[in-house]
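Understanding the architecture of this molecule
So the chains spell out like this:
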Amino acid sequence: MKKKRKYILTISIALFVFILLNYKFSLAKYASNSVWDYYLKSKDFYFTSAELNESGKENTNYLWDGESTYFTIKNGINDSVITNYNISYKAECNVLSSNKEAKCTLNGSDKNVFEGILTNEEVCINKTSDGIDTSGYNKTTCEVNGYTWKNKVANKELFFDIVGEKIENAEVEVIVTTTSPYQKRLTGKFLLKKDHNLTGNIKMEYNHYTDYDELVVSNSYQEEKDVAISFDSTKLRIDYEKDKIVSYDTDDNSYIKKIYITLPKKSTQTYKFYKLDATEYDESAFQLTEESPKKKTDNEK
């Protein structure tokens, strides 16, 4: 009996030590990642994606007809928080599972690896109402004439294809790692299931996070689509990103209530929103119509 109790006690202690060590390892890893993230931000280094993140984002909202699947990477968080130097990166994709033997290839090549550079670009922005096109101005001309010289978000669209015979479904992992000047790794899984009746549509999905929400708009057509999205500006405020919005309408208080966007074929775009109350909104809070973008106003240029 004593031997049995001693055995149980030994097993219990061993289990406790294992759990404690695992907890400390996880905590140390979390602390290490947090310190590295803080270091990158101190260097104004920003590398983000709507479809990938540091913990491995699952993408299940893709409508797949067997053609290319697109994802984006960029050198900023929004129109104001941008990396002001070049970022070199390496992208890789792998088929984790499929109903048939298959492989993943990137950007129209026969390889599953692609290397590129997000190039820092500075542009002249006209925030006045004089109607002058300043896009061709250099820094000196821009600033001497009272316009704004600033960094522009570098937004790169990449895509992968699944190569194989009679592929009906596939789980694909995409890994993008920056190689210079600092290292950051973003990953994502794409759960694809072929829809033989799919002719194309525009789909919206609304996701909730701690500090903000995201509206994901997907275009599964084999052609570019112009759409407009309306919402109640007294309940939701959009984080305006100039490169992703062609033009917009505002309410009586000058808050954006409708955006006009252009979706490239087989693409997905994400828009960040902030709630003004405690309500948990979903896709029904948005009205989507196919409309051609209206001409930009001076404030939108």
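The sections below set out a description of the structure shown in this document.

Calculation rules
- Residues numbered from 1 in each chain as written.
- Predicted model: local features only at pLDDT ≥ 70, side-chain atom pairs only at ≥ 80, totals over all residues.
- Heavy atoms only, no water.
- Pairing = 2+ DSSP bridges.
- Helix = DSSP H or I, 4+ residues; strand = E, 2+ residues; numbered from the N terminus.
- Axes fitted to C-alpha atoms, helices over the stretch in contact; angles between N-to-C directions.
- Core = buried A, V, L, I, M, F, W, Y, C linked by side-chain atoms within 4.5 Å.
- Buried < 20%, exposed > 50% of the residue type's maximum accessible area, 1.4 Å probe, protein only.
- Contact = heavy atoms within 4.5 Å.
- Salt bridge = Lys/Arg side-chain N within 4 Å of Asp/Glu carboxyl O.
- 1 Å grid on protein atoms, 1.4 Å probe; cavity = no way out; pocket = protein on both sides within 12 Å on 5 of 7 lines; lining within 4 Å.
- Points joined across faces, edges and corners; volume = space filled by probe spheres on them.
- Nonpolar A, V, L, I, M, F, W, Y, C, P; charged D, E, K, R; others polar.
- Disulfide = S-S within 2.5 Å.

Right, let's talk about the sheet that holds strand β13 (residues 225-230) for a bit. Sheet architecture is open: 4 strands sit in the order β15-β16-β13-β18, paired in antiparallel fashion. Looking along the sheet, the strands with just one partner apiece sit at the ends: β15 (247-250) and β18 (287-289). Adjacent strand axes in the sheet meet at a mean angle of 20°, parallel and antiparallel pairs treated alike. Pairing of β13 with β18, which is carried by 3 bridges, proceeds in the antiparallel orientation. In the sheet register, Ala228 faces β18, and the bridge partner there is Thr289.

Core analysis: the largest hydrophobic core is formed by 25 residues, its most contacted members being Phe47, Phe71, Phe160, Val172, Val174 and Val176. Those elements that provide at least two residues to this core are β2 (69-74), β3 (87-98), β4 (103-106), β8 (155-163), β9 (169-180) and β10 (185-193). Not counting residues up to four positions away in its chain, the partners in contact with Phe47 are Ile73, Lys74, Ile87, Tyr89, Leu118, Val176, Thr178, Lys184 and Leu186. Counting residues in each nonpolar core, the second largest holds 22 residues, with Ile202, Val217, Val227 and Leu236 among its members.

Overall, the coordinates contain 8 salt bridges when judged by the stated rule. The partner of Lys235 in a salt bridge is Asp232, and the shortest N-O contact between them spans 4.0 Å. For Lys235, a relative accessible area of 36% gives the class partly exposed. A relative accessible area of 32% places Asp232 in the partly exposed class. The partner of Lys244 in a salt bridge is Glu241, with the nearest N and O atoms 3.5 Å apart. For the pair shown, Lys244 and Glu241 are each scored as buried. Connected through shared salt-bridge partners, Lys74, Glu241 and Lys244 make up one network.

Quick look at empty space enclosed by the protein now. Counted under the stated rule, the structure contains 2 cavities of 30 Å³ or more. Roughly 40 Å³ of internal volume is contained in the second largest cavity. Residue lining of the second largest cavity: Asn78, Asp79, Val153, Asn155, Glu241, Asp243 and Lys244, and that is the complete set. Per-class residue counts for the lining of the second largest cavity are 1 nonpolar, 2 polar and 4 charged.

Moving on to the state of the cysteines. If you walk through the whole model with that rule in mind, you get 2 disulfides. Within the chain, bonded cysteines paired by disulfides and numbered along the sequence follow the pattern 1-2, 3-4.

Our next topic: the environment of Ile202. Among the structural elements, Ile202 can be located in strand β11 (residues 202-208). In sequence terms Ile202 and Ser267 are 65 residues apart; their C-alpha atoms lie 10.0 Å from each other. Residue contacts for Ile202: discarding those within four places in its chain leaves Val217, Ser218, Asn219, Tyr221, Lys225, Val227, Leu263 and Leu288.

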